[in-house]
Each structure stands twice: as structure tokens, then as C-alpha cells.
Amino acid sequence: MSNREKTRISHVSLVREERSRVRDLSGFKKSHQVPDECSERAQLFIGRIAVTEISDDLNERFAEFRRHFGFRRTELQVTEPDDGFGAIQTPLFEYRMTVTQSGEDPAEAVFRRQVSEFRDVESLMSAEFSAAFGRLFHAIEFEPPVSIDVEAFIDHIEDQPEEDFSIDYDRTATWGRLTCARIPGTLMILPDRVTLTTTQPELPTRLLEAFLQFRGRLVGIECF
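Definitions and limits used
Chains are numbered independently. Their residues run from 1 in the order of the written sequence. The predicted nature of this model means local features are confined to residues of pLDDT at least 70 and side-chain atom pairs, given and counted, to a pLDDT of 80 or more, with totals for whole chains, interfaces and linings taken over all residues. Side-chain metrics rest on all non-hydrogen atoms present in the structure, leaving aside hydrogens and water. Think of it this way: any DSSP run of H or I at least four residues long counts as a helix, any run of E at least two long counts as a strand, and we number them from the N terminus. An expected span of 1.5 Å times one less than the residue number is assigned to each helix. The buried label goes to any residue with under 20% of its type's maximum accessible area, the exposed label to any with over 50%, and the partly exposed label to all in between, with areas taken from a 1.4 Å probe on protein chains only. What the arc covers is the set of directions going from the helix axis to the C-beta atoms. In this description, contact between two residues means that some pair of their heavy atoms is separated by no more than 4.5 Å. In the analysis that follows, any N or O atom pair within 3.5 Å is treated as a polar contact, provided that within protein one partner can donate a hydrogen and the other can accept it, and provided that, for residues neighboring in sequence, both atoms belong to side chains.

Our focus in this paragraph is helix α3 (residues 51-69). Relative to the 27 Å expected for 19 residues at 1.5 Å per residue, α3 spans 26 Å between its end C-alpha atoms, a close match to the ideal helical length. For α3, every residue scored as buried is listed here: E53, I54, D57, L58, R61, E64, F65 and F69. Here the buried residues of α3 occupy an arc of 130 degrees about the axis, which is enough to place them on one side. Those residues of α3 that are exposed and angled more than 90 degrees off the buried face are N59 and R67. Check the buried side of α3 and you find it contacts α2 (40-49), β2 (77-82), β3 (85-89), β4 (94-101), β5 (108-116) and α4 (127-133). Two residues or fewer past α3, G70 is found with a positive phi of approximately 70 degrees.

Here it is, written out as C-alpha cells:
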């Protein structure tokens, strides 16, 4: 892997998002009311009643990191659950979990688990990393160093002679969604983010390999 590739891959995050009814969160009581609108107040409420879910997840990850990577206690810096956020900083990466109110349904909470800020990019491909996380993640995100010109991206794809590409986009070209017959997953292009999502959770190495396959086929788009 070249230095250029290492720099770019260091900007990736492995992600899993799941949804739950707010009333199913462990801290929800009979006296509580399910939010009927999206607001800062509702977000604070959801973060407060999801403390147990975040704490349990951090406990599990803490044990897995020690078991598979052999980290010492002093090497794992834990940010305790607060306002719907908790994290573990390790010598190789950061793991975080957030619980937020869904922007689509105020009565739903979104659980987001994410690994990012890789110190040693090779660790993402290691057996230890796969053992610690298994098939937890279903998406890999990339934050480009410069904003993506989505219109130019769409035009570039439509000019390609290859027939195995298929692209969808909105009328104003604010996003593009790309699929390739030879590569598993769907690539979502936004000005500030590229996300590869698979139909089912995959091992970290499989996600990264699929992402690199897409990138390798998109020659000529420098920011990607």
C-alpha cells in the first residue's frame, strides 16, 4: 500500500447504524412521553435514557480490545456515556457509540457505532481487528480532503464506456448513488462524504477491499 493510499485510508470510518423505538430504550419509564418532534430537548432526553445501552456496549468493546489486542488499562481511555455519546480511545484507533434522535421519525433513536482515526492503517487489515469486531459493520465512510463536485462525478460515470456501472442521482445533482455489477455494495456520493454500504454486515477487510475496488475503477476523480 503506497503512502498516498495510507493517507487516504486514514480518513475512513467503519460504521454500523441501527434504529430503535425511543420507548424501547432501557431508561424509558411509563411516566415519559415519546417525542413527537425533533428538537434539542428531545435529543437530550434520548441521550439521557440511553446511558445503559451505551455503557453496556463500551463494556463489551473494552473487554474485546483487551482480549484481542492485549492493550493495557492505561492504553484505553474511556469517555463515559454522556448526552448520547461514549467512546474508547486506543493506541490504534478510536471507537465511539452515539444514540441520537432520528431526523426522519422523532419517535425513533439511531444507534451509530463507528471506528475511525486509525493511527496504524495496517491494523484495520489485521486478524486482531477482525476478531475484535467480526461482522459488526455494514458501511465504510470516506471524508475526502476536498469537496467533491457531484455534478462532475455523475458526468464522469455517464461518460464511462463500461456497462457494469449504474448511477442514480437527484435532479439538482446534490447526491449520486453508484452500483457496479462486479463489486458488492452501493456507493453514495455527497460533497463531503463517500459511503459504501453493503446489504449485510461484513468483515472489516471485506469492506475495505470493496471500497478500494470501487476507487480503483473510478480513475480520474482525484478527490476519491
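Back to the text.
Time to look at helix α6 (residues 204-217). Since one α-helical turn is 3.6 residues long, residues separated by three or four positions face the same way. The terminal C-alpha atoms of α6, which comprises 14 residues, lie 20 Å apart, in line with the 20 Å expected from a rise of 1.5 Å per residue. Looking at α6, one finds that the buried residues are P204, T205, L207, L208, A210, F211, F214 and R215.

Here the focus is the side chain of H138. Considering the arrangement of structural elements, one finds H138 in strand β6 (residues 137-142). Side-chain polar atoms of H138 contact the backbone nitrogen of E17, separated by 3.0 Å. Discounting residues that sit within four places of it in the chain, H138 has contacts with V15, R16, E17, L196, T197, T198, Q200, P201 and L207.

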